[in-house]
Amino acid sequence: MPRSDAKATEPVTDAVTEDAIETPRKEELLDSLTKGLALLRLFAGGTDRLTMQDVAEQLDVTRAAARRLLLTLAHNGYVAQQGRQFVLTPKVMDLGYAYFASMNLPQLARPYLQALCAEAGESCSIGMLDHESVVLVAREEPNQLLRVDMAIGRRMPAYAHSLGRVLLAGLDDDALAAYLDRAELRKLTPFTISSRPALARKLEEVRADGYCTLVSELVDGFAGISVPLTDQTGKVVAGLGLSMVLGSRDQAYLEQHYLPPLRHAAAQIETILKAR
């Protein structure tokens, strides 16, 4: 047969390659994922809690579908149920922490964290409550050899951390009672409060005082002092704290030297939070 000079070409098909996803066909889209993302956007629009009926109406789905969406997100830890209502959890940061870090509380608070860190000469952090843990969402470290080195995203037991205690003290009575019922309290050091009645009394003190000082309860020889951060409604949304190697200092010294600058920084951050 005579040789053809025509160049070989790939057969034309309807297959969609990985690089050609700009205009997907409707049948290629996952409707349940689309609805789930739409549900998260309802919270992003400023709604802090939703009922199953709210979701059904706003997404134009059946109550059964709304229930499945909420239970799926709850099962994966992105929402939590409080009675008939559902609220977001800090775990949603896993979906896009870099964006959160660049656009929200960590960015807004960073200048004040840096100033506090420079003034106090100790590690300072912002933490949020996620079930039984406190999660660090912002952190500044002093330029010194001996320091408390913990990364953003670190999770610690809320009952044994000063940030965790100001957050627990900020819960309403029902939520706090539920936490005390389910939390696993372990003796992490000889000084850790691991009795439920004793912890409940300590949290009442923290709520009344508006701050928490904790010495050698998470790790022997380390201490922390924290205050709550509230939004425009007065709700505790995060905590601001200093953590340090205790050395020869005692609780009275920590409160005398660190509580005033800590409260000043918290007031500055709250001014921004309440203006949003």
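What counts and how
- Residues numbered from 1 in each chain as written.
- Predicted model: local features only at pLDDT ≥ 70, side-chain atom pairs only at ≥ 80, totals over all residues.
- Heavy atoms only, no water.
- 1 Å grid on protein atoms, 1.4 Å probe; cavity = no way out; pocket = protein on both sides within 12 Å on 5 of 7 lines; lining within 4 Å.
- Points joined across faces, edges and corners; volume = space filled by probe spheres on them.
- Helix = DSSP H or I, 4+ residues; strand = E, 2+ residues; numbered from the N terminus.
- Phe/Tyr/Trp six-rings, centres within 6.5 Å; stacked < 30°, edge-to-face > 60°.
- Buried < 20%, exposed > 50% of the residue type's maximum accessible area, 1.4 Å probe, protein only.
- Pairing = 2+ DSSP bridges.

Draft legend 1. Looking closely at empty space enclosed by the protein. Tallied over the full model, the rule gives 1 cavity of 30 Å³ or more. Quantified by volume, the largest cavity comes out at close to 40 Å³. Forming the boundary of the largest cavity are Ser-125, Arg-139, His-161, Ser-162, Leu-163, Gly-224, Ser-226, Gly-241, Leu-242 and Ser-243. Every element with two or more residues in the lining of the largest cavity is listed here: helix 6 (162-169), strand 8 (222-230) and strand 9 (236-245).

Draft legend 2. Just the packing of aromatic side chains, in detail. Per the counting criterion, the structure on display carries 1 aromatic pair. Where Tyr-253 meets Tyr-258, the ring centres are 6.5 Å apart and the plane angle is 80°; that geometry is what we call edge-to-face.

Draft legend 3. Here's a closer look at the pairing of strand 9. Of all 10 residues that make up strand 9, 7 are buried, and the element is covered over most of its length. Note: strand 4 (residues 123-130) against strand 9, 5 bridges, orientation antiparallel. Note on strand 9: the bridge partner recorded for Ile-126 is Leu-240.

Draft legend 4. Highlighting the sheet that holds strand 3 (residues 85-88). On the basis of which strands lie adjacent, the open sheet formed by 3 strands has the order 1-3-2 and antiparallel pairing. In this open sheet, the two edge strands, each paired with only one partner strand, are strand 1 (50-51) and strand 2 (79-82). Judged from the 4 bridges that link them, strand 2 and strand 3 form a sheet pairing that is antiparallel. By the bridge assignment, Gln-81 is partnered in strand 3 with Phe-86.

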